[in-house]
2 protein chains.
Amino acid sequence: MTNKHLLALLTLSAFAAIAHADNDGSKLWFVNNTKANAKVVVKTKATSTTDIAVNELRDAWHGGQVTLERKSAKGLTRESFTVSQKGGNVTITSPSDAGLMYGAYHLLRLEQTLGKDAYRDTLFTETPEHNIRMLNHWDNLNGTVERGYAGRSIFWNKPVPDASAVKGKNLSTSDSQLSTLTLYARANASVGINGTVLNNVNASPKMLSDSVLTMVKQYADILRPYNIKVYLAVNFSSPAVLDGLKTSDPLDKDVQKWWAAKAKKIYSMIPDFGGFLVKANSEGQPGPMDFGRTHADGANMLAKALKPFGGIVMWRAFVYSPSDPDRAKQAYIEFKDLDGKFMDNVIIQIKNGPIDFQPREPYSPLFGAMPETQEMAELQITQEYLGHSNHICFLGTMWEEFLNDIKKYANYTNNLRGYKYRAIAGVANVGDDANFCGNTMAQSNWYAFGRLAWNSNLTSKEIAREWVAQEIGKDNKSARTLENILLMSRETVVDYMMPLGFHHIFAEGHHYGPQPWQNNPGQRADWQCVYYHRADAKGVGFDRTVKAGSGATAQYPASFGNMVENINTCPDKYLLWFHHADWNHKCQTGRTLWNEMCYRYQNGLNGARQMLRMWNSTEGNIDSRLFNDIQEKMHIQVRDAEWWKDACLNYFQTFSKQPISDTTEPPVHSLNEVKKIRLGISNYENPSAKLLNSKR
Amino acid sequence: MTNKHLLALLTLSAFAAIAHADNDGSKLWFVNNTKANAKVVVKTKATSTTDIAVNELRDAWHGGQVTLERKSAKGLTRESFTVSQKGGNVTITSPSDAGLMYGAYHLLRLEQTLGKDAYRDTLFTETPEHNIRMLNHWDNLNGTVERGYAGRSIFWNKPVPDASAVKGKNLSTSDSQLSTLTLYARANASVGINGTVLNNVNASPKMLSDSVLTMVKQYADILRPYNIKVYLAVNFSSPAVLDGLKTSDPLDKDVQKWWAAKAKKIYSMIPDFGGFLVKANSEGQPGPMDFGRTHADGANMLAKALKPFGGIVMWRAFVYSPSDPDRAKQAYIEFKDLDGKFMDNVIIQIKNGPIDFQPREPYSPLFGAMPETQEMAELQITQEYLGHSNHICFLGTMWEEFLNDIKKYANYTNNLRGYKYRAIAGVANVGDDANFCGNTMAQSNWYAFGRLAWNSNLTSKEIAREWVAQEIGKDNKSARTLENILLMSRETVVDYMMPLGFHHIFAEGHHYGPQPWQNNPGQRADWQCVYYHRADAKGVGFDRTVKAGSGATAQYPASFGNMVENINTCPDKYLLWFHHADWNHKCQTGRTLWNEMCYRYQNGLNGARQMLRMWNSTEGNIDSRLFNDIQEKMHIQVRDAEWWKDACLNYFQTFSKQPISDTTEPPVHSLNEVKKIRLGISNYENPSAKLLNSKR
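About the thresholds
- Residues numbered from 1 in each chain as written.
- Chains lettered and ligands numbered in written order.
- Predicted model: local features only at pLDDT ≥ 70, side-chain atom pairs only at ≥ 80, totals over all residues.
- Heavy atoms only, no water.
- Domains from an automatic or database assignment.
- Salt bridge = Lys/Arg side-chain N within 4 Å of Asp/Glu carboxyl O.
- Helix = DSSP H or I, 4+ residues; strand = E, 2+ residues; numbered from the N terminus.
- Buried < 20%, exposed > 50% of the residue type's maximum accessible area, 1.4 Å probe, protein only.
- Least-squares fit on C-alpha atoms with pLDDT ≥ 70 in both.
- Contact = heavy atoms within 4.5 Å.
- Axes fitted to C-alpha atoms, helices over the stretch in contact; angles between N-to-C directions.
- Parallel < 35°, antiparallel > 145°, perpendicular 65-115°, else oblique.
- Nonpolar A, V, L, I, M, F, W, Y, C, P; charged D, E, K, R; others polar.
- Buried area = accessible area lost by both parts, 1.4 Å probe.
- Polar contact = N/O pair within 3.5 Å; in protein donor to acceptor, adjacent residues only side chain to side chain.
- Pairing = 2+ DSSP bridges.

1. Describing the domain arrangement of chain A
Point 1. What the domain assignment lists for chain A is domain 1 (36-126), domain 2 (132-474) and domain 3 (495-542 + 580-676).
Point 2. Domain 1 of chain A and domain 3 of chain A are separated by 47 Å when their C-alpha centres are compared.

Right, here's the structure in full:
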């Protein structure tokens, strides 16, 4: 492109961007998929899936002719695809229609990210790293979404639309619910997500009733063209609760029969049904241990029922019976010895960290600890512990850190190669808000999850750049600014919420704001914030060393465990996770712990302000509606960062007895004031700016 | 004092301060007047006034014997006093009992500020610069206080206590209202305030009814021992409204007779009654111009009625009939030509600035403009335009600036010498809150007003140091910190509210927060904020130059007028008061106007934070109740500073079209958000933290 052309393009795109004020997030990352009218040829029989590929390319591809051809080749899995460009014309091949569709989406992504000529005269193949890349929706049958900050469920809040109306990318339907579901499916397909659990892991037994299964079948029909399988979270007591069986004991013959019959019924309706996700014996949910059985007994009983039909069981390791004084050790303790006892269509689904989706956790020691068992990671896309949909927090960096660690310390890549089911799950942040995710920036996390599930070697920077290019255009002069905002956001949130290894000092229930003083008499110790930080006159932090603490470090391989066991080699970012450090402990920065805390909280607040400043600099270069929506969220975020900083520094100062360091702004809320804050919100709500202001 | 003694004293006082948590402000600046049991001798006949002096010294003086002696001497005025110390014993002489009392208070102040031996073997005389040093209470008969931020009226909210119970400093009374009034009187006496207007300048005609005058007499009896005269604000229509006269025309014989009779009646009850304060033909108040007469006609008619009894008329120059497009010029225009037409017991009471008690105004050009007329300054102690009692703002610096300017440019000192009535007034910040002033720091303004009224050559630093010493002790290691907080506070408030000569961009009505966009259709132009700042695409500010604007600079002496007429010599602090400056105008700092605005608002916010940080550093060294009370106020102040900054920068940015400068924190409230803020408070209320938070 000549400079002259470049200038013309820049001018044109700048003008177009300024003129628009219509990006309300409802188009997801397809906002710039403009009418291109490309020439697309399908060499093999057209299906609803190839129709999607054709339509997408025709609408948005600005290069030469694209040919789609179904074709197997050595080394390719079903969903692999190959793209070759020659003389401006492109050929996409794959062993499956799904692979052709993924290839089409990938081509469009390359065009938007790098330009249509970036891959001229090249040939490359993409094969997904995980063959099960799934969302977990925590949606309830009453339409609420647990930890949902984007409205109500897209599945259980309105009548199921008629699947027969769906034909590929049919966005012209007048059925708004169908449009929503189609766009949802399209978004998933565009980043390779190929499975979805339609309901909350705190599952209602009614999910398996005939009437609900009828709806599930309809969803399956809508999602199938996009290569998305449906899964269900099931309640382990379903046989007893739903059909009056005397027990739900997994070793009971009648129970086993019930599940076998139920599986048969489901597959008769949905031949490609994916399987079950189970939260058992965790936080009040029923499970095999209620009947004196093991997790393996329970999981295998379900796996046996599904096996004839190719279904799988994802059994969650998020358990913490109070047998050990350290909750971080529980999952490992409960599961480690069951290694090798699970059927081959069972996968143990493990949260990234040993506690619960905190802003920063070390990886869970269960990863790599069960060589004879298939494991999968459960990430949380919805921002339960990250400011809900009020805070801008790109999670690509968080997941990159986690994935790198389990590759480095837990042999993740090698293990995955040995699995039949190479799965990964993300707890969805999707609701029926016009923008799906509470704010448009949060869409980047849905996007990033899909991309990492496809290829965990992508860097967060690459993913941020891709998403930004699709959201506001690669030639927009604010693109690098937005990319940098995304990349700094998670570390900023960690700093103003829980730096240095702090964890779980959130307000109880909704988990929105700070409540490090939380300590309700009579409740389980590990439901109290004070349990996690253990502040006293000497210092702060949870001693998990073998030498003097809970010994959790011993659950890790030596390469990681030895590093964090020693306070001098433990990275500052995990300091208070693994150590009860003196207030005057010298951190790796040279500052004392107390001064480092002051520094970190201020740094978080400064970072939030910096993000806002950077965002403000994009005004005029990007869609004004998008600008205003996100600016409003960032205003809340900065004010919340100040609230976090003030609450935590004021509270921990009552132990450290040291002054707030000179470079830290003095708190503008007293401890008394912040202690009085009670947000009257449920676990299904994002607090409004008005509510927050009235409390602060 | 030996070092050993000093150390002992410091240790003792530090211990005492830390142990206490009882300073709720209710003791005013007598908090450290501890039981001393000094020996005091009165050489002349004891009176209720000498009793006060004796009691105060006995209770709080830690030096040798004090002898009080009434004695005239050359060059001394009635209230002058002489203090001589010899061998540890002190003699105070004065021509009057009042002077002896003032001498006693001065001696105690010296002890607390400098130590009891600071003036050993010295002899000095103090003579007040003004002979009328008065408070103006804007209290209404219904108990409210206009622009009162410390509760309700101490005069009109409860039954008047029995004056016969008052015997000097009788603090042991069980009548809490009497305690309040006695402490009020004591506070005034301690700083030399010798007059008080008991009611609002927006005066009810009922003030002159027999029943109210009976109460006024009782107050006069309570205040008299403290050398405090009572005055009343009167409604010019009183004859017609109160007694049904056909008119209140000052040239009407019946009206004149009515006032003469009223004066006679008042003096029969209160022989030392001070006189009348009048707000006439201003903001809807009646006045002589309603009858085609002049301010002189009206003032002289009242002066004539009071003259036989020695009473005076204070006639306010706060008028602004809309005859000129520039409100700042009105008072000068209405009064200048009346010079020489007022009786010799009339004083024209002029607000310090030409508009209305703004955070910063240039001095009013009426000062020095009427050489044949007695003038007096009206200062505002209550913080109508300075964050009410929520913001810490010491006004000594503001008044010092004003007094220096009128000395430098308006010949104030010389004029004063020529006056029979050398008066100065301050609009009181007193209410029935336990701490009298809404917060304890605001007491320093009451104190500072009294001290400056006595001696306008005192620096704000000297006054701050005196007050701090009495409030927390001179040996307290936080004394200098508190002094510095006070001294930086007003400039900080100016910066975050209205830097660079901005004025009157307050929310309408209550005047608490920012509302620079205020522009109500159909109302007087000069009641709109946009009238005062005149922002447009070119620049901002009110052009008051002769060359291109309203010509207000011509009302000043050349020494001041020429300086401010020229944009290059006009001090930046008055820039937008006198000029409509371009957004890119180069300020004296080298920054452009827009960048200087960004800098100033940020500087104000930083200053508020710095004050809070400094205050925090006093924790443990001062009474913890005082610490907490003020910290809470400072929290509000910082949050308000952010609100002001965000509102003003966001709003003016819509005109400047320039980015917020890099060194300024990006606003965390959008213009839309701040525009929605409406504080539901009257002109009698201080907004609570809760109300403010619910709105922001």
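This is not the end of the story, as more comes after the structure.
2. Some details on the pattern of salt bridges
All names here are of chain A.
Point 1. Going through the model one piece at a time under the given rule, you end up with 70 salt bridges over all chains.
Point 2. Glu79 is the salt-bridge partner of Arg133, the closest N and O atoms lying 2.9 Å from each other. Here Arg133, found in strand 6 (residues 132-136), pairs with Glu79, found in the loop between strand 2 (66-70) and strand 3 (81-86); they are 54 residues apart in sequence, far enough to count as distant.
Point 3. Between Arg591 and Glu596 there is a salt bridge, and its shortest N-O distance comes to 2.7 Å.
Point 4. Residue Arg591 is classed as partly exposed on the basis of its relative accessible area of 28%.
Point 5. Because the salt bridges share partners, they merge into one network encompassing Arg360, Glu401, Arg490, Glu491 and Lys573.

3. Looking at the relation of the copies chain A and chain B
Point 1. When chain A is fitted to chain B, the residual RMSD is 0.0 Å, and the transformation amounts to a turn of 180° plus an axial shift of 0.0 Å. In short, the pair behaves as if placed about a two-fold rotation axis. Closest approach to the rotation axis within chain A is made by the C-alpha atom of Ser694(A), at a distance of 1.7 Å.
Point 2. Here 100% of the contact residues of chain A are again contact residues in chain B; the copies associate through an equivalent surface.

4. Side note on the packing of helix 14 (residues 479-497) of chain A against helix 19 (residues 624-656) of chain A
All names here are of chain A.
Point 1. Remark: helix 14 packs on helix 19, axes separated minimally by 9 Å, with the N-to-C direction vectors making an angle of 30°. In terms of axis orientation, helix 14 runs roughly parallel to helix 19. On the side of helix 14, the interface is formed by Ile485, Val493, Tyr496 and Met497, while helix 19 contributes Met634, Gln637, Ala641, Trp644, Lys645 and Cys648.
Point 2. Classifying every residue of the contact of helix 14 with helix 19 by side-chain character gives eight nonpolar, one polar and one charged.

5. Remarks on the interface of chain A and chain B
Point 1. Contact with chain A, which involves 23 residues of that partner, is made by 23 residues of chain B.
Point 2. Taken together, both faces of the contact between chain A and chain B bury some 1,900 Å²; the carbon and sulfur share is 50%.
Point 3. Of all residues in chain A, Arg613(A), Pro666(A) and Val668(A) give up the largest surface area on contact with chain B, accounting jointly for 28% of the area buried on that side.
Point 4. Applying the counting criterion to the chain A and chain B interface returns four salt bridges.
Point 5. The partner of Arg639(B) in a salt bridge is Glu673(A), and the shortest N-O contact between them spans 3.3 Å.
Point 6. Our count for the chain A to chain B interface comes out at 16 residue pairs in polar contact (both at pLDDT 80 or more).
Point 7. Residue assignment for the side of chain A that touches chain B shows that the elements contributing at least two residues are helix 18 (593-616), helix 19 and helix 21 (689-695) of chain A.
Point 8. Element by element, the count of residues in the side of chain A that touches chain B is highest for helix 19 of chain A, at six residues.

6. Topic: the environment of Ala104(A)
Residues and elements named next belong to chain A.
Point 1. Checked against the element boundaries, Ala104 lands in helix 3 (residues 97-114).
Point 2. Taking relative accessible area as the criterion, Ala104 reaches 1% and is therefore assigned buried.
Point 3. It is 9.0 Å that separates the C-alpha atoms of Ala104 and Ile52, two residues lying 52 residues apart in sequence.
Point 4. Apart from the residues within four sequence positions on either side, Ala104 is in contact with Ala53, Leu57 and Ile92.

7. Topic: the sheet that holds strand 13 (residues 423-427) of chain A
All names here are of chain A.
Point 1. In space, the eight strands of this closed barrel follow the order 6-7-8-9-10-11-12-13, with parallel pairing throughout. Direction aside, the axes of adjacent strands within the sheet are offset by 25° on average.
Point 2. Along the sheet, helix 8 (residues 295-306) makes contact with strand 9 (275-278), strand 10 (312-316) and strand 11 (346-351), crossing strand 10 at roughly 160°.

8. With respect to the side chain of His511(B)
Residue and element names in this part refer to chain B.
Point 1. Mapped onto the secondary structure, His511 falls in the loop between helix 14 (479-497) and helix 15 (529-533).
Point 2. Judged by its relative accessible area of 10%, His511 falls in the buried class.
Point 3. Setting aside anything within four residues of it in sequence, one finds His511 in contact with Arg147, Glu384, Tyr385, His388, His504 and Phe506.

9. So, the sheet that holds strand 1 (residues 40-42) of chain A
Residues and elements named next belong to chain A.
Point 1. If you walk across this open sheet you meet the five strands as 1-2-4-3-5, and the pairing is mixed. Only two strands of the sheet have a single neighbouring strand rather than two, namely strand 1 and strand 5 (123-126). Going from strand to strand, the sheet's axes swing by 15° on average, the running direction of each strand aside.
Point 2. Against the sheet, helix 3 touches strand 2, strand 3, strand 4 (89-94) and strand 5, its axis set at about 145° to strand 4.

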